[in-house]
Amino acid sequence: APPSDIYGLGINTSPAPGVAKYSTAKTLPPAFVASVDSRSPAARAGVRTGDIITAVDGAPPFTDGYLSPGPFYLLYQTYPQQQTVRITLRWPVTGATRTVMITPAAYPALAQPVTARLLDGDIGYVPIPAFDPGTASQVLAAVTGLEKTATLRGLILDLGGGGSPLGVAQLLGAFEHGTAWAYDCTVAGQCTADYPDASTPLLHLPLAVLVNGDCVSACEEFSAAVKDLHLGTLIGARTAGIIAGPAEGWALDDGSLLELPPRHELGADHEIINGIGVAPDDYIPVTPWDLATGHDPDIAKALALLKG
């Protein structure tokens with residue numbers, strides 16, 4: 001596949017594949033479609049956000065409440081795998097089931113810049129799929145754009161995925177200066193504090209942060225900092241608990257590079273996040289029905305808090 005393309009089915013599921021692999025015991029049924037990549041094989045087959053996955057090649061993704069990795073990973077084939085998959089889907093609104101046949105293929109990787117919009121006229125809403133390089137700057141620029149059109153009463157950040165801690169420090173700098181948001185610690189207990197980027201101008205806005213079980217790594221760092229430093233309210237579901245300290249490279253004799261984290265990370269309150277996750281202040285998990293109907297209870301709760 002060309003470098004500009006993505007290879008696969010184009011289905012993004014809950015649980016996400018990384019969560020399913022590293023936190024299998026904490027994944028809960030049902031498996032459902034969280035989003036569908038445009039112009040992908042799944043999109044062409046008519047797969048919809050909110051579809052519940054009841055079977056993959058005839059096998060259920062969950063058995064007795066436990067994830068079955070075999071059928072689940074057929075949804076995430078990598079090149080050169082090219083096995084056609086038979087997926088049985090149930091539409092949560094009507095209960096109707098259908099079966100689609102999808103073969104992985106290369107499809108265009110469309111850039112998804114961070115965008116923002118106003119809710120209820122004066123609440124900023126910014127989805128953050130991942131803390132990629134430049135994401136924090138895009139978020140802040142998007143908020144600045146909103147402030148040119150309205151006097152904001154609050155801000156909702158909708159988190160997902162993982163990413164780089166550098167973006168976390170920059171974005172946290174919009175809400176806090178001078179207080180450590182995390183600690184990188186050696187096995188001997190020697191810890192180095194991480195601080196928000198003080199060069200980021202403070203926004204001075206009430207904050208609500210939406211999280212879910214697919215929030216990993218940098219997403220969890222930001223979530224834990226918001227909670228520990230009392231910067232805002234976390235709404236949604238407990239994060240995945242998949243977070244390691246900063247990695248360092250070790251050169252091997254065959255010329256390859258092995259990356260291992262020589263330090264582990266603790267939250268601002270010196271708590272362990274890896275294997276545990278970050279609990280929301282308001283537990284409101286989004287369901288397949290919510291996705292299918294376009295109703296988001298997390299956003300509704302955030303609006304009630306910020307406008308109240």
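Provided above is the structure to which this section pertains.
All values derive from a computational prediction rather than experimental measurement.

(A) A look at a nonpolar patch on the surface. A cluster of nonpolar side chains, namely Trp 250, Leu 252, Leu 258 and Leu 260, defines an oily patch on the protein surface of about 370 Å² accessible area. Mapping Leu 252 onto the fold places it in the loop between strand S17 (248–251) and strand S18 (257–260).

(B) Geometry of unusual backbone geometry. With an omega of 5°, the peptide bond running from Ser 14 to Pro 15 counts as cis. Within the secondary structure, Pro 15 sits in the loop between strand S2 (11–14) and helix H1 (17–22). The omega angle of the peptide bond from Tyr 79 to Pro 80 is 10°, so this bond is cis rather than trans. Along the chain, the position of Pro 80 falls in the loop between helix H3 (69–73) and strand S7 (85–90). The backbone of Asp 64 sits at a positive phi, close to 55°, despite the residue not being glycine. Topologically, Asp 64 is positioned in the loop between strand S5 (62–63) and strand S6 (66–67).

(C) How the structure looks around the layout of surface pockets. Here the second largest pocket defines a volume of roughly 170 Å³. As for the second largest pocket, its lining consists of 13 residues, of which Pro 165, Asp 184, Glu 221, Pro 246 and Glu 265 are closest to the centre. It is helix H5 (residues 165–172) that contributes the most residues to the lining of the second largest pocket, 3 residues altogether.

(D) Up close: the sheet that holds S2. Strand order across the open sheet formed by 5 strands is S2-S3-S4-S7-S8, with antiparallel pairing between neighbours. Two strands close off the open sheet at either side, each with one partner strand: S2 and strand S8 (97–102). Going across the sheet, the axis of each strand differs from the next one's by a mean of 40°, ignoring polarity. For S7 and S8, the ladder comprises 6 bridges, and the chain directions are antiparallel. Its bridge partner lying in S8, Ile 87 is registered against Val 100.

(E) Inspection of the pattern of salt bridges at higher detail. Under the definition given, this model contains 3 salt bridges. As a salt-bridge pair, Arg 98 and Asp 51 come within 2.6 Å of each other at their nearest N and O atoms. Of the two residues, Arg 98 sits in strand S8 while Asp 51 sits in the loop between helix H2 (41–44) and strand S4 (52–56), which places them 47 residues apart along the sequence. Classification of Asp 51 by relative accessible area gives buried; the value is 0%. Between Asp 122 and Arg 153 there is a salt bridge, with the nearest N and O atoms lying 3.9 Å from each other. On the criterion of sequence distance, the pair formed by Asp 122 in the loop between strand S10 (117–119) and strand S11 (123–128) and Arg 153 in the loop between helix H4 (135–147) and strand S12 (154–159) is long-range, its members being 31 residues apart. On the accessibility criterion, Asp 122 (15% relative accessible area) is buried.

(F) Seen up close, the sheet that holds strand S19 (residues 264–267). The strand order across the open sheet built from 3 strands is S14-S13-S19, with neighbouring strands paired in antiparallel fashion. A single partner strand is all that each edge strand has here, and the edge strands are strand S14 (191–194) and S19. Each neighbouring strand pair of the sheet contributes to a mean axis angle of 30°, computed without reference to strand direction.

(G) Spatial organisation of the state of the cysteines. Taken as a whole and judged by the stated rule, the model has 2 disulfides. Here Cys 185 pairs with Cys 191 through a disulfide, and the sulfurs are 2.1 Å apart. On the sign convention where negative means left-handed, the S-S torsion of about 110° between Cys 185 and Cys 191 marks this disulfide as right-handed. Covalently, Cys 215 is tied to Cys 219 through a disulfide, its sulfur atoms 1.9 Å apart.

(H) Geometry of helix H8 (residues 297–307). The complete set of buried residues in H8 reads Pro 297, Asp 298, Ile 299, Ala 302, Leu 303 and Leu 306. Its buried side turned inward, H8 meets S10, S11, S12, strand S15 (207–211), strand S16 (233–236) and helix H7 (288–293). N-capping of H8 is provided by Asp 296, with a side-chain oxygen placed 2.9 Å from the backbone N of Asp 298.

(I) Structural context of the environment of Gly 267. Mapping Gly 267 onto the fold places it in strand S19. The class for Gly 267 is buried, based on a relative accessible area of 1%. When residues no more than four places from it in sequence are discounted, the contact partners of Gly 267 are Trp 181, Ala 182, Tyr 183, Asp 228 and Ile 273.

(J) Molecular detail of H4. Its 13 residues give H4 an end-to-end C-alpha distance of 19 Å, which sits within 8% of 18 Å, the value for a rise of 1.5 Å per residue. When we look at burial in H4, the residues that qualify are Thr 135, Ala 136, Val 139, Leu 140, Ala 142, Val 143 and Leu 146. Around the axis of H4, the buried residues are gathered within 160° of arc, so they sit on the same side. Against S10, S11, S12 and H5 lie the buried residues of H4.

Conventions adopted
Residues numbered from 1 in each chain as written. Predicted model: local features only at pLDDT ≥ 70, side-chain atom pairs only at ≥ 80, totals over all residues. Heavy atoms only, no water. Patch = residues over 30% accessible without salt bridge, like charges linked within 9 Å, V, L, I, M, F, W, Y side chains within 5 Å. Areas by Shrake-Rupley, 256 points an atom, 1.4 Å probe, with all protein chains shown as cover. Salt bridge = Lys/Arg side-chain N within 4 Å of Asp/Glu carboxyl O. Helix = DSSP H or I, 4+ residues; strand = E, 2+ residues; numbered from the N terminus. 1 Å grid on protein atoms, 1.4 Å probe; cavity = no way out; pocket = protein on both sides within 12 Å on 5 of 7 lines; lining within 4 Å. Points joined across faces, edges and corners; volume = space filled by probe spheres on them. Pairing = 2+ DSSP bridges. Axes fitted to C-alpha atoms, helices over the stretch in contact; angles between N-to-C directions. Buried < 20%, exposed > 50% of the residue type's maximum accessible area, 1.4 Å probe, protein only. Disulfide = S-S within 2.5 Å. Contact = heavy atoms within 4.5 Å. Polar contact = N/O pair within 3.5 Å; in protein donor to acceptor, adjacent residues only side chain to side chain. Expected span 1.5 Å × (residues − 1). Arc of directions from axis to C-beta.

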